[in-house]
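Chain and residue survey
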Amino acid sequence: MVFEENNINSIIHFAALKAVGESVEKPLEYYKNNLVGALVVFELMKELNVNNFVFSSSATVYGKPEYCPIKEDFPLWTTNPYGATKLMIEDVMSDLSKANNNLNLAILRYFNPIGAHISGIIGEELNGTPNNLMPYITKVAVGQLKELSVFGNDYDTPDGIGVRNYIHVVDLVKGHLAALKKLEEKHGLVTYNLGTGKGYSVLDLVSSFEKANNIEIPYKIVERRPGDIDMCYADPTKVYKELGWKAEFDIERMCEDSWRWQSNNPKGYEENNELLGMITYEI
C-alpha cells in the first residue's frame with residue numbers, strides 16, 4: 001500500500017472535480033466524486049493512524065457574501081453543488097476533530113489560483129474546453145480558441161463584471177507548506193483563507209494579461225452562468241498573523257507566468273513530458 005511503503009504521516013487532499021458551472025449541470029458526478037473520495041481518505045487515515053490532513057476547500061463556501069473582504073468567520077452557505085461538496089467535507093472534518101483529539105486538520109479556502117511555475121515547464125494542462133478563466137485566456141492568446149466569453153455584465157461591481165481574488169499557484173503551494181508546519185503544533189482544526197486580499201474583474205484580468213504580454217485578447221459578453229456571484233475576495237489577515245504567510249506575486253506576474261507556460265507548451269505536456277520527469281524545481 002502507498003501509505004505503508006512511503007511512511008506517510010500527513011496528507012494534502014486536492015482530488016476533486018472543481019468547476020462551478022459544470023457542477024450545476026452534473027451535480028450527481030460532483031457529489032459522488034468529491035464526497036466519496038474524501039470519505040475514503042478519512043477511513044484510510046483512521047486505519048493507518050495518520051493524523052495530519054490539509055484540505056483544499058474553496059471560497060465558494062461563503063456563498064454570496066454580504067460584503068468583502070471575506071473573513072473566515074463569515075456565514076457559510078453555497079450557491080452551487082461544487083461549493084456544497086466542499087462545505088460538506090468541512091463539516092465532516094469538524095465532526096472528526098471533535099471525536100478525535102489526536103487529529104490535526106487544516107481547511108484552506110482557496111480563492112482563484114492562476115499562474116504557472118516561472119520555468120515555463122510546469123503549468124495547467126487541460127482536457128477539453130477550459131472551465132476556468134486564465135486557461136481560457138491563454139488558449140485564446142495561443143490561437144486555439146477564437147475569443148473569450150465573459151459571463152454577464154450586470155453584476156453589482158464597478159464595471160458590471162464579476163470580481164474575484166486571483167492568487168498565484170506558487171503562493172498557494174507555499175500556503176500549504178505553512179499549514180503543514182502549523183499542524184505540527186497540534187492545534188486540532190484550523191481554517192484559513194488563501195488569497196491576496198485584492199479583487200479584480202474579468203476585464204481587469206484581461207487588461208493585465210494584455211499589458212503584461214503585449215497580446216490582444218478578443219472577448220464577447222454572454223449570459224451569466226448559473227451559480228456565479230458578484231464579488232468575492234479574501235481578508236488574509238488571519239493566515240498572515242497565525243502562519244506568517246502572505247501572497248507575494250501580483251496580477252502581472254500571474255499573467256506573465258501563465259503565458260510563459262502556454263506559449264512554451266501549446267500542446268501541453270505532450271511536448272515536454274520527458275524533460276519534466278528529469279527536472280526538480282524549487283518553488
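Here we summarise the structure given alongside this text.

Conventions used here
Residues numbered from 1 in each chain as written. Predicted model: local features only at pLDDT ≥ 70, side-chain atom pairs only at ≥ 80, totals over all residues. Heavy atoms only, no water. Salt bridge = Lys/Arg side-chain N within 4 Å of Asp/Glu carboxyl O. Helix = DSSP H or I, 4+ residues; strand = E, 2+ residues; numbered from the N terminus. Buried < 20%, exposed > 50% of the residue type's maximum accessible area, 1.4 Å probe, protein only. Pairing = 2+ DSSP bridges. Axes fitted to C-alpha atoms, helices over the stretch in contact; angles between N-to-C directions. Contact = heavy atoms within 4.5 Å. Core = buried A, V, L, I, M, F, W, Y, C linked by side-chain atoms within 4.5 Å. Polar contact = N/O pair within 3.5 Å; in protein donor to acceptor, adjacent residues only side chain to side chain.

**Examining the pattern of salt bridges**
Under the counting rule described, the total for this entry stands at eleven salt bridges. Two residues, Lys-220 and Glu-147, come together in a salt bridge whose shortest N-O distance is 3.6 Å. Of this pair, Lys-220 sits in strand β10 (residues 219-222) while Glu-147 is found in the loop between α5 (133-141) and β5 (148-151), placing the two residues 73 residues apart along the sequence. Judged by relative accessible area, Lys-220 falls into the partly exposed class, the value being 38%. Its relative accessible area of 23% is what places Glu-147 among the partly exposed residues. Put simply, Glu-185 and Lys-182 hold a salt bridge, and the shortest N to O gap is 3.5 Å. We classify Glu-185 as partly exposed; its relative accessible area is 48%. Assessed through its relative accessible area of 10%, Lys-182 is described here as buried. Among the ionic contacts, a cluster of salt bridges with common partners joins Arg-253, Asp-257 and Arg-260.

**Observations regarding the sheet that holds strand β8 (residues 189-194)**
As summarised here, the arrangement of the four strands in space is β1-β2-β3-β8, forming an open sheet in which the pairing is parallel. Across the chains shown, the open sheet's two edge strands, defined by having one partner strand only, are β1 (10-13) and β8. Strand-to-strand twist in this sheet, taken as the mean axis angle between neighbours without regard to direction, amounts to 15 degrees. The pairing of strand β3 (residues 104-110) with β8 spans six bridges and is classified as parallel. Note that in β8 the partner of Ile-107 across the bridge is Thr-191. Contacts from helix α3 (residues 27-48) reach β1 and β2 (52-58), with the element oriented near 170 degrees to β2. The strands touched by helix α4 (residues 81-99) are β2, β3 and β8; relative to β2, the strand with the most contacts, the crossing angle is about 155 degrees.

**Some remarks on the nonpolar core**
Counting residues in hydrophobic clusters, the biggest one holds 21 residues, and the most contacted among them are Ile-137, Leu-148, Tyr-166, Val-202, Leu-205, Phe-209 and Ile-217. Broken down by secondary-structure element, the contributors of at least two residues to this core are α5, β5, α7 (202-213) and α9 (251-264). For this core, the leading source of residues is α5, giving six residues. What Val-202 contacts, discounting residues up to four positions off in sequence, is Leu-133, Leu-148, Val-150, Ile-161, Gly-162 and Tyr-166.

**Things to note about the sheet that holds strand β11 (residues 231-232)**
With mixed pairing, the three strands of this open sheet are ordered in space as β9-β6-β11. The sheet is open, and its two edges are formed by β9 (200-201) and β11, each paired on a single side. Strand direction decides the pairing type here: strand β6 (residues 163-164) and β9, joined by two bridges, are antiparallel. Of the residues in β9, the one forming a bridge with Arg-164 is Tyr-200.

**Comments concerning the side chain of Asn-80**
Relative to the helices and strands, Asn-80 resides in the loop between β2 and α4. On the basis of relative accessibility, which here comes to 5%, the residue Asn-80 falls in the buried class. One polar contact links the side chain of Asn-80 to the main-chain amide nitrogen of Tyr-82, over a distance of 3.3 Å. One polar contact links the side chain of Asn-80 to the main-chain amide nitrogen of Gly-83, over a distance of 2.7 Å. When residues no more than four places from it in sequence are discounted, the contact partners of Asn-80 are Val-20, Ser-23, Val-24 and Gly-227.

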